[in-house]
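A closer look at the structure
Each chain, letter by letter, is given below.
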Amino acid sequence: MTHTPPESSKILDIYLLIAQYPMLASDIRRRMRAELFRRGIITHQRFEAEVNEKAVLSQEREGLIGDQKEDAEQWELRWSRVRRTLTDFYFAYNLPIEILYHILDDLLMHQADGRSVQPDHSLPFNPELAPLEMVLRQAEKYEALPDEERDAVDHHLQELRVVLLKSMVSDQLAFIHIAKRWFTTTDFNMILERRIGTGKIGGKAAGLLLAYKILQNMAPEIFEKIVLPRSYFIGADVFYDFLAANKLEFLNQKYKTAEQIRLEYPKIQEQYTCARFPEEVAQQLREILRDVGKTPLIVRSSSLLEDNFGMSFAGKYVSVFCPNQGTLKENLRDLTLAIRRSYASVFGPDALMYRRRMGLLDYDERMAILLQEVQGHRHRQYYFPAVAGVAYSYSPIVWNTRLKREEGFMRLVMGLGTRAVDRMAGDYPRLVNLSHPQLRPEVMPKAIRYYSQHFVDALDLEQNTLTTVPVESILGPDYYPLRWLVSVDDGETVRPPLTLGLSIDPAQLILTFDGLLQRGTFVPLLKTVLTRLEQQYERPVDIEFAVSFTPGSSKPTLAFHLLQCRPQNQWSAEDRKTQSLPTDLPAQDKILLCTRMVPQGRVSQVEYIVYVDSEAYHQLDTPADYTEVARWIGHLNKSLEGRTFILVGPGRWGSSDAMQGVPVTYADIFNTRALVEVASNQRGFSSEPSYGTHFFQDLVEAQIYPLAVYPEEPRDHFNWDFIRQSKNQMSKFFSQQTKASRCIKVIHIPAERPGHHLEIIMDGQSGLGYLTRSKPTHLQ
C-alpha cells in the first residue's frame, strides 16, 4: 500500500519543513534545484526561463504594465518568490520528500566553511504544526541516539510520540498517558504501512496495539506465546470521504428522537449498502485481498470513542466476518459490503442512545476500521479457533466463598468468540474464576451438561458463509485439540476422556475445557497477561482472545491470540462497598431473594417495578408481538426517565431468541437500575446472568445490576402475591392497549404501600429486594 501524500500536500510539507530553518532556506532550495537539474527533470535554462515567465505573468495579473512596472528591487523580490515557489512545486511533483531530508541532514552536519560540527539534538520545530513525516523522522533520530544522549532528549521524544499518537492512533488523554511509554517509531511506521487513507485508527485498534506493546515489554517470559493477528487499518478520515463521495448526509441523526432514530435506521442501512468507495480505497482493499489470499477476514469497527476509559461501546457497532473464499471480485464485494455495514452502524439506535446516555452526542464520532485475519484453523469444511473467550482481571461475580475476585474471571467457548460475548438462547459458555479454575457453578452431571456449549460458530469455507453447527457435528477423534476441550458423560458421571478412539460417541462428549484448565500453561499464562496489563493500565482490564494448539512431541504448543483489550468498567465504588443484608423482615416485605452469581452493590429508593408477565408473554402469537413488547419497554424506559425503577421479566433480558426472554436492546433499558430475570422450569425459561457479554458491559456502564431469581429453588424467593395483587399503572403512561402491552404491569410501590419504597442490597452471595419505609423529605 502506498501512503505518499498528494502533491499539493507535499508542497505544504516542503514549505513547512524549510520554514523551520530560515538561515538554511537558500542553501536547501539551491540543493533541491541541483537535484532537479541532475536528474533531468528540467534543465537549468528552462527553469530560469519559466521563473521569468511566471514573474511577468504575476505582474500582469496585478496590472503592473507599462509605466506601472516595478523598480529593480521590487522585481528582485517578486522573482525570488516565484523561484522559491517553482522550486517547491517541481520537487514535490517529481521527487520523494526523503531526498529533501537527506539534503537537510547534510547541511545541518556541515557549516559553510566545510568544518564538521556536532548535531544539535534540540527540537528545531513545533511538532503540533509540523508535517507528520517530519515528526516521525525526528523521533527516529532521537530513538537512534546512544543511551547517554537519548536521556537528554527524552522529553522531546515523549512530545513527538504524543503528537504521533494523537494524529494516527487516538486523542483520548487517558490512553495517551499510558501509550506514550510503549509506542515507538517502529509501531508508527507499521501503522502507516498498513493504513488505508488518513486519520486515526480508532479505539479498538489502539487498545489492541497498546496491550501487545505492554506484554512485549513487561511479560518477556510468555511473550513468545502471544500472537497479534495480522492487521490492516482504514483511517477514520475515509469515513468522511465515503460520505462525501456518496452524498450521504446523516450526521445530524444523533439529535433526533429515539423513535425517529429507530424508524429511519433501516433506510440508512439500505443507502449505505448501495454506496460505493472511492477507487483509490477500493484498489488498496484489492491489494490486501491479494496479500491474504484465501485466509478469512473480519471487519471490526474501531470508532474514535470505542474501548475508551469509562465507555467501551461494547457491541454497539457492527463487526462482520468475511470467509473470503470467492474470486477476487466476489471477495472485494463482500469486504466492501461488510465495511459499509460497519459504517452504517454509527447511526444505529443502540449506538446513538448510548452516546446520549454517556454525554457524547456532540463528539465527532468517525468510524475507523480494523481489518484482521480470523484466527483459527480448518477442520473439515469449517474454519474456527479451538478456543475463544473474554477475560476480566477483576471478577464481577463469584459463586463460592473460596473464589477470589481479584484473580480474574473468563468465559470460554469453542469456535468463534461470538458465543462468548453475545447472549445465545439455550447455550452457555464455560464460566471460570481464575483463582480456582476447576470450581464450577454447577455440580451435578445433568446441570453440567445443561449449562454447557451446544453449538459452535464457525466459517463454512465450502459455502463461504458464517454458520452455526451443533457441537456433535464438529467433535470427533479427527479433531486434534479434542482431549483438551471435552469431558465424557457416561450417564452417571462427567469424567475426563480416557481414550478418544473411533468408537467414541460424539453425543457423549461435553465441552467442559477441563483438560485445558487442569493441565498445561493456559491458566498461568492468562493470569500473567491480565496482571501485567492491569498494572500498566492502573485499573482492571478485560480482553478478548483465541487459543490454538500445534501438535508437539509430547504435548501441544499453545498460542494465545490477543484480539482486544480495554479498561474494565465496574459498578461505582460506593455501590461495591461491603453490604449487609437485613434480617427478620416480615414475609410480606420481601419482594425477591436471589442466590446465584450475585454482584456487590445497592439500588436504593426504587419507586417503580416494571413487570413482564411470563404467562401472557408466552401466549403471544408472532415474533412481531415479542418485538412489540420490547418496544413498549423502550417507551417506558423513556417515560420513567428520572425515576428509579427496575425491570422484572421471564428468562433472559436481551435474548436473541424471544422465546427465552424479552428481546430488548440497550436503547430500551438504559434508564433502569436493575434487570431481574425470573427463571421457570415449567415454562422452559432458564436464566443465567450475562456476565462477560457485551450486554453485561452495557449494564455495568449504565450502573444496572443483573439478577436472576429461581423461585422454584428453596433458597430463592419471589413474592408473587405482591406482584399479582398490585394495581397496573400502565394506563397512566399510555392509553393505547395491545396484546403485547397487556403483558406488562407497571407497579407504583408508594401507591401499593404508602410511604414505602423498594431497596435492593447485594453482598456478592445473595441479593435481597425488600420494602422499607421512606425517610420523610424536609423542605429547607
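Anything mentioned here points back to the structure above.
The paragraphs below set out a description of the structure included in this document. (Residues numbered from 1 in each chain as written. Predicted model: local features only at pLDDT ≥ 70, side-chain atom pairs only at ≥ 80, totals over all residues. Heavy atoms only, no water.)

What follows deals with the sheet that holds strand β16 (residues 509-511). Either a parallel or an antiparallel arrangement is found when strands of a sheet pair, and the pairing is made through backbone hydrogen bonds. The sheet built from three strands is open, its strands ordered β15-β14-β16 with antiparallel pairing. Edge positions in the sheet fall to β15 (494-495) and β16, since each of these pairs with one other strand and no more. In this sheet, β15 lies alongside strand β14 (residues 486-489) in antiparallel orientation, the contact comprising two bridges. The residue of β15 that forms the bridge with V488 is R495. (Pairing = 2+ DSSP bridges. Helix = DSSP H or I, 4+ residues; strand = E, 2+ residues; numbered from the N terminus.)

Moving on: the packing of helix α11 (residues 203-218) against helix α21 (residues 522-537). Contact geometry of α11 with α21 gives a least axis separation of 10 Å together with a crossing angle of 105 degrees. In this view, α11 runs roughly perpendicular relative to α21, as classed from their interaxial angle. Contacts from G207, L210, A211, I214, L215 and M218 in α11 reach V529, R532, L533, Q536 and Y537 in α21. For the contact of α11 with α21, the class distribution of residues is eight nonpolar, two polar and one charged. (Axes fitted to C-alpha atoms, helices over the stretch in contact; angles between N-to-C directions. Parallel < 35°, antiparallel > 145°, perpendicular 65-115°, else oblique. Contact = heavy atoms within 4.5 Å. Nonpolar A, V, L, I, M, F, W, Y, C, P; charged D, E, K, R; others polar.)

Attention now moves to the side chain of E35. By the secondary structure assignment, E35 is in helix α2 (residues 25-38). We classify E35 as buried; its relative accessible area is 17%. Polar contacts involving the side chain of E35 include one to the side chain of R39, which spans 2.8 Å. Setting aside residues no more than four positions away along its own chain, E35 makes contact with L95, I99 and I103. (Buried < 20%, exposed > 50% of the residue type's maximum accessible area, 1.4 Å probe, protein only. Polar contact = N/O pair within 3.5 Å; in protein donor to acceptor, adjacent residues only side chain to side chain.)

A word on a negative patch on the surface. A cluster of acidic side chains, namely D147, E148, E149, D151 and D154, defines a negative patch on the protein surface. Looking at the secondary structure, you find E149 in helix α7 (residues 147-150). On the basis of relative accessible area, E149 is assigned to the partly exposed category, the value being 30%. (Patch = residues over 30% accessible without salt bridge, like charges linked within 9 Å, V, L, I, M, F, W, Y side chains within 5 Å. Areas by Shrake-Rupley, 256 points an atom, 1.4 Å probe, with all protein chains shown as cover. Salt bridge = Lys/Arg side-chain N within 4 Å of Asp/Glu carboxyl O. Lys, Arg positive; Asp, Glu negative; His and termini not counted. Charge placed at Lys NZ, Arg CZ, Asp CG, Glu CD.)

Among the nonpolar cores identified, the biggest contains 116 residues, and F522, I543 and F560 are the most heavily contacted of them. The dominant element in this core, judged by the number of residues it contributes, is α11, at nine residues. Excluding residues within four positions of it along the chain, F522 makes contact with M410, L412, L516, L517, F545, V547, L558 and F560. Listed in part, the 77 residues of the second largest apolar core include I288, I339, W653 and V662. (Core = buried A, V, L, I, M, F, W, Y, C linked by side-chain atoms within 4.5 Å.)

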